[in-house]
Amino acid sequence: MLGAGSWGSAFAKILGDAGNDVVLWARRPEIAAAIRDTGRNPEYLENTPLGERVTATASATEAIKGAELVVLAVPSQTLRVNLGDWAADLTEDSTLVSLMKGIELGTTQRMSQVIVEAARVAPDRVAVVSGPNLAGEIALEQPAATVVACSDIDRATRVQHAITTPYFRPYTNDDVVGCELGGAVKNVIALAFGIAHAMGLGDNTKAMLITRGLAETARLGVALGADPLTFSGLAGLGDLVGTCMSPLSRNRTFGEHLGRGKSLEQAQAATRYTAEGVKSCLAIRDLARSHGVEMPITEQVERVCHEGVDPKVAVAALMSRSTKAE
Ligand SMILES: NC(=O)C1=CN([C@@H]2O[C@H](COP(=O)(O)OP(=O)(O)OC[C@H]3O[C@@H](n4cnc5c(N)ncnc54)[C@H](OP(=O)(O)O)[C@@H]3O)[C@@H](O)[C@H]2O)C=CC1
Ligand SMILES: O=C(CO)COP(=O)(O)O
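Residues numbered from 1 in each chain as written. Chains lettered and ligands numbered in written order. Predicted model: local features only at pLDDT ≥ 70, side-chain atom pairs only at ≥ 80, totals over all residues. Heavy atoms only, no water.

- Labelled according to an unreviewed UniProt entry, the chain appears under the name Glycerol-3-phosphate dehydrogenase [NAD(P)+], originating from Catellatospora chokoriensis.
- In UniProt, the chain has this text filed under Pathway (unreviewed entry): "Membrane lipid metabolism; glycerophospholipid metabolism." (UniProt positions renumbered as here; feature names shortened; annotations may be inferred.)

**A short note on unusual backbone geometry**
Here comes step 1: Positive phi, close to 50 degrees, is recorded for Leu-45, a residue that is not glycine.
Here comes step 2: Its place among the elements puts Leu-45 in the loop between helix H2 (29-38) and strand E2 (54-57).
Here comes step 3: Phi angles above zero are rare outside glycine, and Arg-120 is one such case at about 55 degrees.
Here comes step 4: Mapping Arg-120 onto the fold places it in the loop between helix H5 (111-119) and strand E5 (126-130). (Helix = DSSP H or I, 4+ residues; strand = E, 2+ residues; numbered from the N terminus.)

**Section: the site of ligand 1**
Here comes step 1: Inspection of the region around ligand 1 gives 24 residues, with Ser-6, Arg-28, Tyr-44, Thr-274 and Glu-276 positioned closest.
Here comes step 2: Contact distances for ligand 1 include 2.7 Å between an oxygen atom and a side-chain N or O atom of Arg-28.
Here comes step 3: Note that an oxygen atom of ligand 1 is positioned 2.9 Å from one of the side-chain N or O atoms of Arg-250.
Here comes step 4: With the chains in place, 87% of the 900 Å² that ligand 1 exposes on its own is no longer accessible.
Here comes step 5: Per-element accounting of the shell around ligand 1 gives the leading share, three residues, to helix H1 (residues 6-17).
Here comes step 6: Across the shell around ligand 1, the residue classes tally to 11 nonpolar, eight polar and five charged.
Here comes step 7: Composition of the shell around ligand 1 by domain shows at least three residues from each of domain 1 (6-176) and domain 2 (182-319). (Near = heavy atom within 4 Å. Polar contact = N/O pair within 3.5 Å; in protein donor to acceptor, adjacent residues only side chain to side chain. Areas by Shrake-Rupley, 256 points an atom, 1.4 Å probe, with all protein chains shown as cover. Nonpolar A, V, L, I, M, F, W, Y, C, P; charged D, E, K, R; others polar. Domains from an automatic or database assignment.)

What follows is the structure, encoded as structure tokens:
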């Protein structure tokens, strides 16, 4: 398990509870040592026992060597550089599992595409796990479901079996594009939702953002070859609703800072954890434009985040678009 942040730590617990021996890589040696000594991560989900099958190391080589499953939970924008260091240690035919929900700046690639390029592996060796999976709830073993997407459905099924626990229920899917886009775009819509919430806007506005947010996600997905049905599943609507509704969501919380009038820099200073939508909104906007897809909410989130546009101006821009058929 590469990455010992909130999701990496919670996912290490899932893997251990599902019966696997887990070596969790933390980039800071003191975090790895604390996990080895106390069985808990002192900085992320600090009250959660990770379980007896989880050990930790600050050596990625030690974590990767001989592993059948290599699970990745680092920030989306650092993944390529990280894999450059790690690729040589991968075991032949190991499965690489992406937990990340972002799109790479500059290349506009999905995380599975970055993995294929940076680790030099065939696409059917890469699986994506995505769904409404707030790490803080999973750490408490509250029931949750997710999707394991892989173009090789037998491999998806093997991953499914490896991560099934009494509190975590994975479904398989062969639509990697749809599952990854659902996970990445919902973070942008959650920023919009947080902005709206902090502005004191009500449930009609929020329902509009979720529904039209899903519409623009599916529009991009279809243009990129995704199955439109994926967006009504756990990795689409499920994750979008879960993230928007939850005060635990870092993206929604980041949006709330912006909606209260904080600048990007002030919101970043107030945020300890990765809020993927903040950078990914730029890449998603570029991806949509290059495919001629309209994503009006994403466009406005990007303007509020990166161009200093007042959220009230962004709302007015969205509401004054030309009327159209649903
Ligand atoms: N948290 C959640 O509920 C969920 C998160 N995700 C996704 O999982 C991914 C990881 O998020 P999450 O674990 O929550 O993030 P966190 O912010 O909780 O943790 C980030 C982790 O990445 C490490 N890190 C930071 N910079 C680098 C770097 N340059 N190279 C390598 N590692 C680095 C951090 O190490 P350090 O502590 O040393 O800074 C930390 O271990 C994201 O894409 C997120 O969208 C998906 C589902 C649920
Ligand atoms: O992806 C998540 C839940 O599925 C976590 O969302 P945040 O990154 O906004 O906390």
